[in-house]
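# A structural walkthrough
Listed here are the chains, written in short residue letters.
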Amino acid sequence: MFEVPVNNDIYLRQLQVQDAPMVYKQLDLSRKSLRKFLPWVDYNTSEEHSIRFIQMMQRKAEEQEAVALGIWYQHQLCGVMDLHGWDHQLQKAEIGYWVGEVFQGKGIATAACKALITYAFKKLKLNKIEIRFVLQNERSGQIPIRLGFAKEGILRHNAKLHGQYVDMVVMGVLRQDWKY
Ligand SMILES: CC(C)(COP(=O)(O)OP(=O)(O)OC[C@H]1O[C@@H](n2cnc3c(N)ncnc32)[C@H](O)[C@@H]1OP(=O)(O)O)[C@@H](O)C(=O)NCCC(=O)NCCS
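Residues numbered from 1 in each chain as written. Predicted model: local features only at pLDDT ≥ 70, side-chain atom pairs only at ≥ 80, totals over all residues.

## Quick word on the site of the ligand
Residues in close proximity to the ligand total 20 residues, the closest being W98, Q104, G107, A109 and T110. Counting only elements with at least two residues in the shell around the ligand, the list comes to α2 (31-35), β5 (92-99), α4 (108-122) and α5 (138-146). Counting residues per element, the shell around the ligand draws most heavily on α5, which supplies four residues. Across the shell around the ligand, the residue classes break down as 10 nonpolar, eight polar and two charged. (Near = placed C-beta within 6 Å. Helix = DSSP H or I, 4+ residues; strand = E, 2+ residues; numbered from the N terminus. Nonpolar A, V, L, I, M, F, W, Y, C, P; charged D, E, K, R; others polar.)

## Here's the deal with α4
For the α-helix, the turn length of 3.6 residues means that residues three or four positions removed from each other point alike. A rise of 1.5 Å per residue sets the reference length of α4, with its 15 residues, at 21 Å; its end C-alpha atoms lie 21 Å apart and thus fit the reference within 8%. Within the span of α4, buried status applies to I108, A109, A112, C113, K114, L116, I117, A120 and F121. (Expected span 1.5 Å × (residues − 1). Buried ≥ 20, exposed ≤ 12 C-beta atoms within 10 Å, placed from the backbone.)

## Regarding the environment of K123
Here K123 shows up in the loop between α4 and β6 (128-134). The exposed category is assigned to K123, around which 10 C-beta atoms lie within 10 Å. Spatially, the C-alpha atom of K123 lies 19 Å from that of L15, the residues being 108 residues apart in sequence.

## Concerning the environment of E138
Mapped onto the elements, E138 comes out in helix α5. For E138, a count of 10 C-beta atoms within 10 Å translates into the label exposed. Taking the C-alpha atoms as reference, E138 lies 22 Å from K128; in sequence the two are 10 residues apart.

## Some points on helix α3 (residues 47-62)
For α3, built from 16 residues, the straight-helix expectation of 22 Å at 1.5 Å per residue is met to within 8% by its first-to-last C-alpha distance of 23 Å. If you follow the buried residues of α3, they end up packed against β2 (10-14), α1 (20-29), β3 (67-73) and β4 (76-87). Following α3 by one or two positions, Q64 has its phi on the positive side, about 55 degrees. (Contact = placed C-beta atoms within 7 Å.)

## Some words on the pairing of β5
Here β4 runs beside β5; their pairing, made up of seven bridges, is antiparallel. Within β5, the position partnered with H84 by the bridge is E94. Relative to β6, β5 is paired through three bridges, and the arrangement is parallel. Note on β6: the bridge partner recorded for K92 is K128. Handedness of the β5-α4-β6 crossover: right-handed. (Pairing = 2+ DSSP bridges. Right-handed = clockwise from strand over helix to strand, strands pointing away.)

## Focus on the packing of α1 against α3
Direction vectors running N to C along α1 and α3 enclose 120 degrees, while the axes themselves pass 8 Å from each other. Between α1 and α3, the angle falls in the class oblique. Along this stretch, α1 crosses α3, giving a crossing that reads as right-handed. On α3, the residues that touch A20, P21, V23 and Y24 of α1 are E47, S50, I51 and I54. (Axes fitted to C-alpha atoms, helices over the stretch in contact; angles between N-to-C directions. Parallel < 35°, antiparallel > 145°, perpendicular 65-115°, else oblique. Left-handed = near helix turned anticlockwise from the far one by under 90°.)

## Brief notes about the sheet that holds strand β1 (residues 3-5)
If you trace the eight strands from one edge of the open sheet to the other, you get β1-β2-β3-β4-β5-β6-β8-β7, paired in mixed fashion. Looking at which strands have only one partner, the edges of the open sheet turn out to be β1 and β7 (150-161). Taking each pair of neighbouring strands and ignoring which way they run, the sheet shows an average axis angle of 25 degrees. Direction of pairing for β2 relative to β3: antiparallel, over a ladder of five bridges. By the bridge assignment for β3, Y11 is matched with W72. Those strands touched by α3 are β2, β3 and β4, and its axis lies near 120 degrees from that of β3. The strands touched by α4 are β1, β2, β3, β4, β5, β6 and β8 (164-174); relative to β5, the strand with the most contacts, the crossing angle is about 155 degrees.

Structural data, given as structure tokens:
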């Protein structure tokens, strides 16, 4: 079971099936703000979808392919952060995240991301972390910038958002450059 303490208010813990109602509740309350850049939100319409997501991520965690973590803020689940695209040969992975609307703007995603990256470099022995975001998603893009990632490039028409192709920015940080 993955657990990553962040600070006095925040911790990350691997999602379990019993967390599904809380995950779904946050998602449902924030549907409007999340769907703008996360197309899967429209297909997630019941608690059952959150259960299936957690079960799928548990299977991936067993294979060390990915892991989904709940973000707890003052003991309430406020969002989800994940490690995916875990490549054992290259020792690298990508981080993704969303935070419920009422919890946004408090620095939660930045602090949680920082702690997860330190965990990934120290405990999982990764060498590189990437964050990819839709070019127009400035709030998301601010997180890797704040954490000192380098911009590595733009993947053109690399996702489809509400019927439109969109470009993705790739940012990365290497273990050797990480400020612990
Ligand atoms: C992108 C997203 C995860 C950011 O979550 P968040 O917790 O608000 O993000 P941050 O940690 O970066 O918070 C930064 C904001 O908090 C403020 N803040 C307050 N205290 C802070 C602190 N100690 N440290 C950093 N920022 C702080 C910043 O000023 C900033 O506000 P701004 O965005 O208005 O400039 C969230 O907006 C979200 O879920 N969006 C929809 C889904 C999405 O786009 N996911 C990413 C897909 S790639």
